[in-house]
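Here is what each chain is made of, one letter per residue.
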Amino acid sequence: MKPLWALLAMLSLPASAENQLNLTKGVTEVSNRVYDLHMTIFYICCAIGVVVFGLMFISMIRHRKSKNPKPANFHENVKVEIAWTIIPLLILVGMAIPATTTLIAMEDTSDADVTIQVTGSQWKWHYKYFENDVEFFSRLATQQEQIDNKFDKSENYLLEVDRPLVIPTGQKVRFLVTSDDVIHSWWVPDFAVKKDANPGFINETWTKVDEPGIYRGQCAELCGQDHGFMPVVVIAKEPAEYEKWITELEAEQEAAREREQELLAMEMSEDELMDLGEKVYNSTCASCHQPTGQGVDGVFPALAGSGVSVDPNAKAKHIDIVVNGVTGTAMQAFGQQLSMRELAAVITYERNAWGNDTGDLIQAADINEVMNQ
């Protein structure tokens, strides 16, 4: 049999978490306050448990039938009743004061240096920086082969993304959390931040990280079939390094928008559209509509041989569905997630793959027309 210390060591977590049986201590002032409050209440509860169960066992032993065959006959004791009312009240008040101050600190989003909008959608996160003209989607980066057990699992299996959120150290960062479809929950244990993302509402939270590093979390609200594939990765950089990163990304995205406008006067060939469209479809659409376009009965409509994909008069409607989504369904709006070039390519692919063969070639100008209606 393994010794107790060996069993406890097996429970240890990598990174900052101490073990799987307790809270993560965290890397922020608020997370440390939450951890200290948790431990204080825990020790108080342990002390109460020892006292209560101790008195129970003492009473059971001292007043057992074999020792006291004739039970005592007495009525209530006012002093004892007052004592067991006042003492728990004082304990609860003593616990409530630090709990209240901690909760107030957790909800105080005033005087933020950076504001970021966090939008959950099935099944990715969208980040928008208010102080800069920067926004991007953050998706799971774990290889499908690892999920299918064809490759060995990586160290950060299911907790790695293609575009992590980047924040500056030593500055207060406010998060405006919302959703564009169902309820999600943005959770980073190291920050003691867990805030629901509700469609139609904006919830606020904040953090201030003092040390550079990579911090991981995930969606903590059951949000659909790929709920387990919706990680959060935050990189905290020194202010100077952060400013360099945000400036370069802002310039890069501005250049991308300018290239998008240049595309409006250009036309891609059928081969270019189909080749790019297949790649976009497999990475973005295939998880719902299936690689063969057959969909899932009663959940995701088939694109092969049916619906707007084969209707020669529904080209504009097809574009509108992909760009703006369908309210009340799982069909998301991809107008902000994909470039006009990618949108044109994937719609062209859907209208000509799997034997649909409509012959329709969608161009960036067609996408732009729908977007500006």
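Each chain has its residues counted from 1, following the order in which its sequence is written. Reporting in this predicted model follows two pLDDT cut-offs: at least 70 for local features of residues, and 80 or more for side-chain atom pairs to be given and counted; totals over whole chains, interfaces and linings ignore these cut-offs and use all residues. Only hydrogens and water are set aside; all other atoms, that is, all heavy atoms of the structure, feed into the side-chain values.

**A short note on the overall build of the protein**
So, point 1. By the criteria applied, helices consist of DSSP H or I runs no shorter than four residues and strands consist of E runs no shorter than two, each listed in order from the N terminus. Along the protein, the regular secondary structure elements total 10 helices and 10 strands.
So, point 2. Along the first, second and third principal axes, the C-alpha atoms of the protein reach 100 × 50 × 45 Å.
So, point 3. The buried share among the 373 residues of the protein stands at 36%.
So, point 4. Whether two residues are in contact is decided by their heavy atoms: any pair within 4.5 Å suffices. In the protein, 62% of the contacts between residues at least 6 apart in sequence involve partners at least 24 apart.
So, point 5. Accessible area of the protein: about 22,000 Å², with a carbon and sulfur share of 57%. For every residue, the accessible area (1.4 Å probe, protein chains only) is compared with the maximum for its type, and the residue is labelled buried under 20%, exposed over 50%, or partly exposed between those bounds. In this description, accessible areas are obtained by the Shrake-Rupley approach with a 1.4 Å probe, and a residue is regarded as covered only by the protein chains that are shown.

**Topic: the packing of aromatic side chains**
So, point 1. Any pair of Phe, Tyr and Trp rings, taking the six-membered ring for Trp, is counted once the centres come within 6.5 Å. Such a pair is stacked with planes under 30 degrees apart, edge-to-face with planes over 60 apart, and tilted for the rest. Under the definition given, this model contains 11 aromatic pairs.
So, point 2. Taken together, a centroid distance of 5.6 Å and an interplanar angle of 55° make the contact between Phe-42 and Tyr-43 tilted.
So, point 3. By relative accessible area, Tyr-43 is classed as exposed at 53%.
So, point 4. Ring plane angle 35° and centroid distance 6.2 Å describe the contact between Tyr-129 and Phe-136, whose orientation is recorded as tilted. As far as the burial class goes, Tyr-129 and Phe-136 line up, both buried.
So, point 5. An aromatic cluster of three or more residues is present, and its members are Tyr-127, Tyr-129, Phe-136, Tyr-242 and Trp-245.
So, point 6. Whether a charge lies above a ring is judged from NZ of Lys or CZ of Arg, which has to be within 6 Å of the ring centre and within 35 degrees of the ring normal. A cation sits over an aromatic face here: Arg-163 above Phe-136, 4.7 Å from the ring centre.
So, point 7. The cationic tip of Lys-172 hangs over the ring face of Trp-206; the distance from NZ or CZ to the ring centre is 4.5 Å.

**Some remarks on the side chain of Gln-146**
So, point 1. Within the secondary structure, Gln-146 sits in helix α4 (residues 144-147).
So, point 2. Counting of polar contacts relies on pairs of N or O atoms within 3.5 Å, with two restrictions inside protein: one atom must be capable of donating a hydrogen and the other of accepting it, and residues adjacent in sequence are counted only when both atoms are side-chain atoms. Within the structure, Gln-146 has its side chain in polar contact with the backbone oxygen of Asp-152 (distance 3.0 Å).
So, point 3. Excluding residues within four positions of it along the chain, Gln-146 makes contact with Phe-151, Asp-152, Lys-153, Ser-154, Tyr-157 and Glu-160.

**Structural notes on helix α5 (residues 239-263)**
So, point 1. One less than the residue count of a helix, multiplied by 1.5 Å, gives the span that helix is expected to have. Helix length check: α5, at 25 residues, gives a terminal C-alpha distance of 36 Å against a target of 36 Å (1.5 Å per residue), a fit within 8%.
So, point 2. Listed in full, the buried residues belonging to α5 are Tyr-242, Ile-246, Leu-249, Gln-253, Glu-260 and Leu-263.

**Some details on the pairing of strand β9 (residues 213-219)**
For a regular strand, the rule is simple: side chains alternate between the two faces of the sheet.
So, point 1. Criterion used throughout: strands pair if DSSP finds at least two bridges between them. With two bridges joining them, strand β6 (residues 184-188) and β9 adopt antiparallel strand pairing. Bridge assignment links Trp-186 to a residue of β9, and that residue is Cys-219.
So, point 2. Alignment of β9 against strand β10 (residues 231-237), held across six bridges, turns out to be antiparallel. Counted as the bridge partner of Arg-216 is Val-233 from β10.

**Re the confidence of the model for the protein**
Predicted coordinates in regions of low pLDDT should not be interpreted in detail.
So, point 1. What pLDDT reports is the predictor's confidence in each residue, on a scale of 0 through 100. Residues of the protein with pLDDT of at least 70 account for 95%, and the chain-wide mean is 88.
So, point 2. The secondary structure element of the protein with the lowest average pLDDT is helix α1 (residues 4-10), at 35, and the one with the highest is strand β4 (residues 165-168), at 98.

**Focus: the pattern of salt bridges**
So, point 1. Salt bridge criterion: a side-chain nitrogen from Lys or Arg within 4 Å of a carboxyl oxygen from Asp or Glu. Counted according to the given criterion, the structure contains seven salt bridges.
So, point 2. For Glu-254, the salt bridge identified is with Arg-257, shortest N-O distance 3.1 Å. In this pair, Glu-254 and Arg-257 both sit in helix α5, three residues apart, roughly one turn of the helix.
So, point 3. The class for Glu-254 is partly exposed, based on a relative accessible area of 34%.

**As for the environment of Asp-366**
So, point 1. Structurally, the position occupied by Asp-366 is in helix α10 (residues 364-371).
So, point 2. By relative accessible area, which is 22% here, Asp-366 ends up partly exposed.
So, point 3. Along the chain, Asp-366 and Asp-226 lie 140 residues apart, while their C-alpha atoms are 32 Å from each other.
So, point 4. Ignoring anything within four residues of it in the chain, the contact list for Asp-366 reads Ile-319 and Leu-361.

**Considerations on the packing of helix α9 (residues 340-352) against α10**
So, point 1. Two elements in contact, α9 and α10, have axes separated by 8 Å at closest approach and are oriented at 105°. By the criterion of interaxial angle, the relationship of α9 to α10 is roughly perpendicular. Facing Met-340, Leu-343, Ala-344 and Ile-347 of α9, the residues of α10 in contact are Ala-364, Ile-367, Asn-368 and Met-371.
So, point 2. Looking at the contact of α9 with α10 residue by residue, the classes come out as seven nonpolar, one polar and no charged. Helix axes use the C-alpha atoms of the stretch in contact, all axes being lines fitted to C-alpha atoms, and the angles between their N-to-C directions lie in the range 0 to 180 degrees. If an angle is under 35 degrees, it is roughly parallel; if it is over 145, roughly antiparallel; if it lies from 65 to 115, roughly perpendicular; otherwise it is oblique. Side-chain classes follow a simple rule in which Ala, Val, Leu, Ile, Met, Phe, Trp, Tyr, Cys and Pro form the nonpolar group, Asp, Glu, Lys and Arg form the charged group, and the remainder, Gly included, forms the polar group.

**Some points on unusual backbone geometry**
So, point 1. At the junction of Gln-122 and Trp-123, the peptide bond is cis and its omega measures out at 0° in the coordinates.
So, point 2. Positionally, Trp-123 belongs in the loop between β1 (114-121) and β2 (124-129).
So, point 3. Within the chain, Leu-158 stands out as a residue other than glycine whose phi angle is a positive 65°.
So, point 4. Along the polypeptide, Leu-158 turns up in the loop between α4 and β4.

**Quick word on the sheet that holds β2**
So, point 1. Strand order in the open sheet made by the five strands is β3-β2-β1-β5-β8, with mixed pairing throughout. Every interior strand has two partners, whereas the edge strands, β3 (134-138) and β8 (203-207), have only one. If you compare each strand with its neighbour and ignore which way they point, the axes differ by 25° on average.
So, point 2. Taken together, the seven bridges between β1 and strand β5 (residues 173-179) define a ladder with parallel strand orientation. Looking at β5, one finds that Gln-117 is bridged to Leu-176.
So, point 3. Sheet strands in contact with α5 are β1, β2 and β3, and its direction is about 90° off that of β3.

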